[in-house]
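Overview (structure and organization)
Spelled out, the chains give:
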Amino acid sequence: MNRILTYSIIIGFCLLISYISINGTNQIANRSVVGTISYKAPDTWNINRSEKQFRLLEITLDTKEDFSLVVFSNIQGTTDQNIQRWIGQFKKDELLEENIIVQRDSLDNRYITLLEMYGTYEVPNMANPSQEKVIKNDYGLLGGVIEFPNSLYFIKAVGINSAISDNSDNFREFVYSIRLN
């Protein structure tokens, strides 16, 4: 009887190892995959794979609040250049130092930089920068940059202050959940 139980455990363990080696752990850990990354996202986020160049995901809220989040890969610029560009998308004369929070974290295989800020958002028009900007008051931005040894991922969420502040913890958990496959 002990021999049958021991063989059953060994066979079960071998099957589990085979499954993981073929399929990875994403399905077991309830992680989603896009491109070369996997992630975990809150249930309140509507996630759509993007067909646009450099964009991997476009995310909105179930509540239909004014909030949009985009995950980019390999766009131009360094971490600091992108953080400064995002800060520059807010009216400078109203921007207070205490409304800009930048945090940096070094993990085993990646560096993470987070940005949280609030103010008057000047919606950029990448196609026509000379066009008059749309101004949105009482707006916030959550930004994240994940630096892996050979790739960069940028995560940017903008929306009304309440949607941004209510999703700040979700955003942080999402950014920290991103892994290379």
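Each value, and the rule that gives it
Residues numbered from 1 in each chain as written. Predicted model: local features only at pLDDT ≥ 70, side-chain atom pairs only at ≥ 80, totals over all residues. Heavy atoms only, no water. Helix = DSSP H or I, 4+ residues; strand = E, 2+ residues; numbered from the N terminus. Buried < 20%, exposed > 50% of the residue type's maximum accessible area, 1.4 Å probe, protein only. Contact = heavy atoms within 4.5 Å. Areas by Shrake-Rupley, 256 points an atom, 1.4 Å probe, with all protein chains shown as cover. Polar contact = N/O pair within 3.5 Å; in protein donor to acceptor, adjacent residues only side chain to side chain. Pairing = 2+ DSSP bridges. Patch = residues over 30% accessible without salt bridge, like charges linked within 9 Å, V, L, I, M, F, W, Y side chains within 5 Å. Salt bridge = Lys/Arg side-chain N within 4 Å of Asp/Glu carboxyl O.

Our next topic: the overall build of the protein chain. Scanning the protein chain for helices and strands turns up 4 helices and 10 strands. Within the span of the protein chain, comprising 181 residues, buried residues form 36% of the whole. For the protein chain, the share of sequence-separated contacts (at least 6 apart) that also reach a separation of at least 24 residues comes to 53%. By element, 52% of the accessible surface of the protein chain is carried by carbon and sulfur atoms, the whole surface being about 11,100 Å².

A few words on the environment of I155. Within the secondary structure layout, I155 lies in strand 9 (residues 151-160). Of the residues examined, I155 reaches a relative accessible area of 0% and is grouped as buried. It is 8.8 Å that separates the C-alpha atoms of I155 and S73, two residues lying 82 residues apart in sequence. The residues touching I155, leaving out its near neighbours within four places in the chain, are L69, V70, V71, W86, L142, G143, G144, I146, F171, F174, V175 and I178.

Once that is clear, we can look at the side chain of S38. Within the secondary structure layout, S38 lies in strand 2 (residues 37-39). Within the local environment of S38, its side chain forms a polar contact with the side chain of N181, the two groups lying 3.5 Å apart.

Along the chain, T113 turns up in strand 7 (residues 111-123). The class of T113 is buried, set by a relative accessible area of 2%. Within the local environment of T113, its side chain forms a polar contact with the side chain of R104, the two groups lying 3.3 Å apart. Excluding residues that lie within four positions of it along the chain, T113 makes contacts with T79, I83, V102, Q103, R104, G143, G144, V145 and E147.

With that out of the way, let us pick up the sheet that holds strand 1 (residues 32-34). A sheet is described by the order of its strands in space; here 3 strands give the open sequence 1-2-10, paired in antiparallel fashion. The open sheet has two edge strands, strand 1 and strand 10 (179-180), and neither has a second partner. Alignment of strand 2 against strand 10, held across 2 bridges, turns out to be antiparallel. Bridging from a neighbouring strand, I37 pairs with L180 of strand 10.

The subject of this paragraph is a nonpolar patch on the surface. Among the surface-exposed residues, Y7, I10 and I11 lie close enough to one another that they form a single nonpolar patch of about 320 Å² accessible area. Along the chain, I11 turns up in helix 1 (residues 2-23).

Moving on to the pairing of strand 5 (residues 67-73). For strand 5, the tally of buried residues reaches 6 of 7 residues, placing the bulk of the element in the interior. Hairpin connection, strand 4 (residues 55-61) to strand 5: the antiparallel pair is bridged by 5 residues, and K64 has positive phi, about 65°. Across 7 bridges, the pairing between strand 5 and strand 9 is antiparallel. Looking at strand 9, one finds that V71 is bridged to I155.

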